[in-house]
Amino acid sequence: MMSLPGIVLIDDNKQDLDDIQNSLITAGYPCFPIHYKGTEPSNSSGIDHINLDMIHPRVIITDLNLQELQIEEKTLVAPIAEVLKKLAIDGPYLLYFWSKNGKIVENVMNLISKRFPEIPAPIHWGILDKTHFKSRPEELVDKVVNLFKENAIFNAMFSWENRISKAAQLTTDSLFKLAKPKAIDDINQFESATTDKLKTMLAVIGNETLGTKNAKDEPEIAIELGLEPVLHDHIQSMYEHIDRSVWLDAANGIGTKKNADSDVKAHLNSFYHIEECDDKSPKNKRGTWIEFSSSYLTDCENEPKIRKNLGRDIKTLLHEEFIDCVQGTKATRKEARSETKLGFLELSAECDQAQRKTKLNRYFLSAMIPVKFEHFTFFQNGKNDTAHAGIYRLPNVVVNGKEYIVEVSFMYQVGAIPDFNKWLGSPVFRLKDQILSDISFKASQHSARPGIIRFD
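Read on for a plain summary of the structure.

1. Some words on the overall build of the protein
Inference 1: Looking only at helices and strands, the protein has 17 helices and 13 strands in total.
Inference 2: Taking 456 residues into account, the globule formula puts the C-alpha radius of gyration at 23 Å, and the protein, at 29 Å, lies well above it.
Inference 3: For the protein, the C-alpha atoms occupy an extent of roughly 95 × 70 × 50 Å along the three principal directions.
Inference 4: Counting the 456 residues in the protein, one finds 39% classified as buried.
Inference 5: Residue pairs in contact within the protein that sit at least 24 positions apart in sequence constitute 72% of those at least 6 positions apart.
Inference 6: Of the accessible surface of the protein, which amounts to about 26800 Å², a share of 52% is contributed by carbon and sulfur atoms.

Okay, here's the thing in structure tokens:
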């Protein structure tokens, strides 16, 4: 789907809308103007006549008085709020009011935040004075050029987004250059020859990336994964051209040791290492963490089956692998067990999954322990001691808004067909490649560890 420019302009006065649009175009910034139509009964927000599905604005510039109402804060709030409900994103964006009544903007913003807390707040807001700038078009151009720099965080992130987009364009351009014929007889021949060569090149890239069979089944994954290394190379080639002051201003204390709070670390770990799943997510995808079916666990008739397959009942297994049985009281240990989620991490060989050779998916037993029970784990006083050498502890992560300690035991491995195994409940999250590679390496190390007979 095409992504339209991230700068959106709204005004009920066509001439005023054209003025601000011309200033942005003159400065070289593509923008999307919306002529507000609040007088139509069927147009409740005033911008319902616009297809907003393809718009993801990072900058919103709107007239303050969209319906030419009396200049009172309480009457101006509702139209602005309806527009923001339609446009505002749950991410960083700038909000500027293109208005002759700048003195009341702050009160309007305060009323919007109180009356409509569900509307995502802008990371920065400001005023473009119509009275001042309409008679000074050159100054308006200079002003809009500097709008994006008024908030250091936004300036850095918005610039980064645009560089990534530029890198993707360079990737496409470089591939196109390879496909162009050296000599052009006519325009039809150029189109035909270039198109045919591009099709062949994309097929070869996809086949090489995932293998012929997988590329046929999932061409979208095969080709886009195949283009990623070139995209990354173009991103890296831009590093030397970045104004380092942009990131220095945006990153508080970069270059000095920072002690982030534990919850900040957990959120960053989640950002880097996991992707939350839903009920429709596949259970056979490598790196997926699947909860032990609660209905199976709570059925007393299944206890002998669990003991027979794992060699332990669940309580004993939890205490041997994940929860220290000497900590706390009987009641608190019971609480820790009840709130710990037992599950399985899919860790089949990467090459087997890529080539569709997996017959039985390989799962390792795992546990999600709420961080409030950290003192019940085997990690005490800053020491990463484990119940045994075959335990891997992930850095703390946040799943569904709650912080967890996640441990994986290499001692308990299960082979299963995901769609038929009754132990496997709902997918909870999927581990990303970097940490998945580390777990795979540690699992291989554990299974291949040498042992000797010795007499001391």
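Having seen the model, we can carry on.
2. Here's the deal with the packing of aromatic side chains
Inference 1: One pass over the full model with this rule turns up 13 aromatic pairs.
Inference 2: Grouped by ring-pair contacts, the aromatic residues Tyr29, Phe148, Phe154 and Phe158 constitute a single cluster.

3. What about the environment of Ser174?
Inference 1: With respect to the secondary-structure elements, Ser174 resides in helix H6 (residues 152-179).
Inference 2: The class of Ser174 is partly exposed, set by a relative accessible area of 27%.
Inference 3: Sequence separation between Ser174 and Val230 is 56 residues; the distance between their C-alpha atoms is 9.2 Å.
Inference 4: Setting aside its immediate chain neighbours within four residues, Ser174 contacts Val230 and His234.

4. Considerations on a nonpolar patch on the surface
Inference 1: Judged by side-chain polarity, Ile123, Ile153, Met157 and Trp160 come together as a nonpolar surface patch covering roughly 340 Å² of accessible area.
Inference 2: Assignment of secondary structure puts Met157 in helix H6.
Inference 3: Overall, the relative accessible area of 36% leaves Met157 in the partly exposed class.

5. Overview of the packing of H6 against helix H9 (residues 219-237)
Inference 1: At a minimum axis separation of 8 Å, H6 and H9 run at an interaxial angle of 120°. For the element pair H6 / H9, the angle class is oblique. As for how H6 packs across H9, the hand of that crossing is right-handed. Residues Ile164, Ala167, Ala168, Leu170, Thr171, Ser174 and Leu175 of H6 pack against Leu227, Val230, Leu231, His234 and Ile235 of H9.
Inference 2: For the contact of H6 with H9, a count of residues per class yields nine nonpolar, three polar and no charged.

6. Details of the pairing of strand E8 (residues 341-346)
Inference 1: The buried fraction of E8 is high, at five of six residues.
Inference 2: As paired elements, strand E7 (residues 288-292) and E8 share three bridges and run antiparallel to each other. Opposite Glu291, over in E8, you have Gly343 as the bridge partner.
Inference 3: With six bridges connecting them, E8 and strand E9 (residues 361-370) associate as antiparallel partners.

7. Here we look at the pattern of salt bridges
Inference 1: In this structure the tally under the stated criterion is 17 salt bridges.
Inference 2: Two residues, Asp63 and Lys130, come together in a salt bridge whose shortest N-O distance is 3.3 Å. With Asp63 in strand E3 (residues 59-63) and Lys130 in helix H4 (residues 130-133), the pair connects residues that are 67 residues apart, well separated along the chain.
Inference 3: Since its relative accessible area comes to 4%, Lys130 is described here as buried.
Inference 4: The closest approach of N and O atoms between Lys402 and Glu339, which form a salt bridge, is 3.9 Å. With Lys402 in strand E12 (residues 402-416) and Glu339 in helix H15 (residues 330-339), the pair connects residues that are 63 residues apart, well separated along the chain.
Inference 5: Look at Lys402 and you get partly exposed, because its relative accessible area is 33%.
Inference 6: Through salt bridges with shared partners, a single ionic network connects Asp11, Asp16, Asp63 and Lys130.

8. Concerning helix H17 (residues 433-447)
Inference 1: With 15 residues, H17 should reach 21 Å at 1.5 Å per residue; the first-to-last C-alpha distance of 21 Å fits that figure.
Inference 2: Three or more residues of H17 are buried, namely Ile435, Leu436, Ile439, Ser440, Ala443 and His446. Taken around the axis of H17, the buried residues stretch over an arc of 140°, which confines them to a single face. Counted as exposed and oriented over 90 degrees from the buried face of H17: Asp433 and Gln434.
Inference 3: At its buried positions, H17 is contacted by helix H11 (262-273), E8, E9, strand E10 (391-393), E12 and strand E13 (424-431).

Analysis parameters
Residues numbered from 1 in each chain as written. Predicted model: local features only at pLDDT ≥ 70, side-chain atom pairs only at ≥ 80, totals over all residues. Heavy atoms only, no water. Helix = DSSP H or I, 4+ residues; strand = E, 2+ residues; numbered from the N terminus. Rg over C-alpha atoms; globule rule 2.2 N^0.38 Å. Buried < 20%, exposed > 50% of the residue type's maximum accessible area, 1.4 Å probe, protein only. Contact = heavy atoms within 4.5 Å. Areas by Shrake-Rupley, 256 points an atom, 1.4 Å probe, with all protein chains shown as cover. Phe/Tyr/Trp six-rings, centres within 6.5 Å; stacked < 30°, edge-to-face > 60°. Patch = residues over 30% accessible without salt bridge, like charges linked within 9 Å, V, L, I, M, F, W, Y side chains within 5 Å. Salt bridge = Lys/Arg side-chain N within 4 Å of Asp/Glu carboxyl O. Axes fitted to C-alpha atoms, helices over the stretch in contact; angles between N-to-C directions. Parallel < 35°, antiparallel > 145°, perpendicular 65-115°, else oblique. Left-handed = near helix turned anticlockwise from the far one by under 90°. Nonpolar A, V, L, I, M, F, W, Y, C, P; charged D, E, K, R; others polar. Pairing = 2+ DSSP bridges. Expected span 1.5 Å × (residues − 1). Arc of directions from axis to C-beta.

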